[in-house]
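For reference, the chains in residue letters:
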Amino acid sequence: MSIRRIVTVVGARPQFVKAAAVSRAFAKFNETCGKQFDERIVHTGQHYDENMSKVFFDELNIPRPHVNLEVGSGSHGAQTGSMLEELEQVFQDVQPDCVLIYGDTNSTLAGALAAVKLHIPVAHVEAGLRSFNRKMPEEINRIVADSISSLLLCPTNTAVRHLASEGVTSGVHNVGDVMYDSVLFNTSLAEQSSDILDRLGLEPGSFYLSTIHRAENTDDPSRLAGILDAFAQIEMPIVLPLHPRTRKTLGVGLDRIGGNIRTIEPVPYLDMLMLEKSSRMILTDSGGVQKEAYWFSLPCVTLRDETEWVELVDAGCNRIVGADTRAILGAIAEFEANGLPADRPPDLYGDGHSAGKIVAILNEFLQTAGAN
Ligand code: UD1
Ligand code: UDP
C-alpha cells in the first residue's frame, strides 16, 4: 500500500497545540507500522509574531512547516480569501489524500473550502462544537467546515449530538479532546523547564490568571471596560498575558488598568501551563483555556455570554458571566467561598489518547477510500 499524504492546515496559536499532539501520533504510528503517513504541515501565517507562532513549533517539536503562506492579518474576507487562493495552489502541488483541519479559525475555514472544491476529503478535529451565536466568526467557520468535512472528529458527545441534530451522522466519531493529550504530555515538561513563576516573582495559589482576546470583548469598549473594572476591584493579583489583538485595542489605555493587573507578553505553552497550574482561578474568554482550567482542577470564570464547552458549566466548574462587572465579581466570590464541586466528573473530555484515535480513524478511512 502506498504512503498516504496528509496536509495539516494550521495558522493560529491553539491549532499549533492541537496539531503537535496529532503529529506526534503520526510519527508513532509510522514507527510502529512502518511509514504509512507522510504529513506535511501548511502554516497559513494567520499568527506570525514569534511568541504567537515560532515558540510553539520550537517548544512542542512540531515538524517544520512544508510551507508558510504568510497571509498575515486582515479583514475576514481578505484574510480568508488570500488563504484560499494560496492553499488551492499548495493542494494542487502536493496532491494530498486528505486535508486535516483544526478548530474554528479562518485558517480552518479556508483549509476546508480549498480542499473540498478539489475533491480532497477533509477531516475536522474539534468538529460539532456550537455556541449558537452566529455573530461569532468562529461559529460560521465551524458550521461551514463541519458541513463539508468527510470525517468529523468530535471532542464530546454534546458535539456528536449537535451534528446529529443538523442531520450529520456519517463519518462522526467522538475521539475526546486532543488538548487533553497535550496537557498530559507537557505538564511534567513544564514543571521541569519553566521558570516563569520565579521570573514573575509569583507564589503558587497567590494569583488569578486571565486571558482576553475574543472579538466580542476586544472590539467593544464597554465590554472591555466592564471586565477591567471588575479586575480592578479585586485584591488578588491578576496575571494577564496579552494577546496582540487586546494589546492593540487597549493601546495607550494600558497604563490606566488596575494596579493589581500584571500584563505580560503572550507566553510560550510550557510557561502557560505552569501559570495555569499555579494560579488560584482562571478568568478567560478563550476556548482552550477553559478546559485547561478543568484539567488543572481550577475554577473558571468565562468572560463570554455563552460557551461551547457546556459540560464544564453543567459540572459546576465554569461560570458564564459575560462582561458584566457585578456578575464577574459575584462568580469569583462564589468560587472563592465554595471551590469546585467535589463530585465533578473526572473525564469530560476523554482519556488523553485522542490523537492516537484520530490517526487510527484516518488510517481506516483512507484504506477504505483506497479500496473503492
Ligand atoms: C484567532 C481566531 C480565534 C482564536 C484566536 C486564537 C479567527 C476568526 N479567530 O483570533 O478563533 O481564538 O485566533 O488566539 O480566526 N495579531 C498580531 N500578531 C499576530 C497575530 C495577530 O499582531 O501574530 C493582531 C493583528 O492586529 C490582528 C489581530 O491580532 O489583526 C487579530 O488576529 P486574527 O488572527 O485575525 O484573530 P485572533 O483574534 O487572533
Ligand atoms: N496559550 C499560550 N500562551 C498564552 C495564551 C494561551 O500558550 O499566552 C495557550 C493556551 O494554554 C491554550 C491555547 O494557547 O493551549 C489557547 O489559545 P487561545 O486562547 O489563543 O485560543 P482559543 O482556544 O480561544 O481558540
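Below is a short write-up of the structure. (Residues numbered from 1 in each chain as written. Chains lettered and ligands numbered in written order. Predicted model: local features only at pLDDT ≥ 70, side-chain atom pairs only at ≥ 80, totals over all residues. Heavy atoms only, no water.)

### Structural notes on the site of ligand 1
The criterion, for reference: Here a residue counts as near a molecule or strand whenever at least one of its heavy atoms sits within 4 Å of it. The term polar contact refers here to a pair of N or O atoms within 3.5 Å; inside protein, the definition further demands a hydrogen-donor-capable atom paired with an acceptor-capable atom, and it admits residues adjacent in sequence only when both atoms are side-chain atoms. For accessible areas, the Shrake-Rupley method is used with a probe of radius 1.4 Å. Any residue's cover is judged against the shown protein chains and nothing else. Helix and strand labels come from DSSP, where a helix needs a run of H or I of at least four residues and a strand needs a run of E of at least two; each type is numbered from the N terminus. Charged means Asp, Glu, Lys or Arg here, nonpolar means Ala, Val, Leu, Ile, Met, Phe, Trp, Tyr, Cys or Pro, and polar covers whatever is left, Gly included.
His47, Glu138, His213, Arg245 and Lys248 are the nearest of the 20 residues found near ligand 1. Here an oxygen atom of ligand 1 sits 3.0 Å away from a polar atom, N or O, in the side chain of His243. With respect to ligand 1, the side chain of Lys248 contributes an N or O atom lying 2.8 Å from an oxygen atom. Out of a free accessible area of 750 Å², ligand 1 has 89% covered by protein chains. Sorting the residues of the shell around ligand 1 by element identifies α3 (76-94) and α11 (244-250) as the ones contributing at least two each. Sorting elements by how many residues they give to the shell around ligand 1 places α11 first, with three residues. Partitioned by chemical class, the residues of the shell around ligand 1 number five nonpolar, nine polar and six charged.

### Focus on the sheet that holds strand β5 (residues 122-125)
Here is the rule: Note on pairing: two strands pair once DSSP finds at least 2 bridges between them.
Read across the open sheet, the seven strands follow the order β3-β2-β1-β4-β5-β6-β7; overall the sheet is parallel. Every other strand in the sheet has two partners, leaving β3 (67-68) and β7 (172-174) as the edge strands with one partner each. The pairing of strand β1 (residues 4-10) with strand β2 (residues 37-43) spans seven bridges and is classified as parallel. Of the residues in β2, the one forming a bridge with Ile6 is Glu39.

### Topic: the site of ligand 2
Around ligand 2, 19 residues are found, and the nearest of them are Val267, Ser286, Gly287, Gly288 and Glu292. Between Val267 and ligand 2, the recorded distance is 2.7 Å, taken from a backbone N or O atom to a nitrogen atom. Protein chains shield 95% of the accessible area of ligand 2, which is 530 Å² for the free molecule. For the shell around ligand 2, the secondary structure elements donating two or more residues are α1 (13-33), α12 (269-278) and α13 (287-295). At four residues, α13 tops the list of elements feeding residues into the shell around ligand 2.

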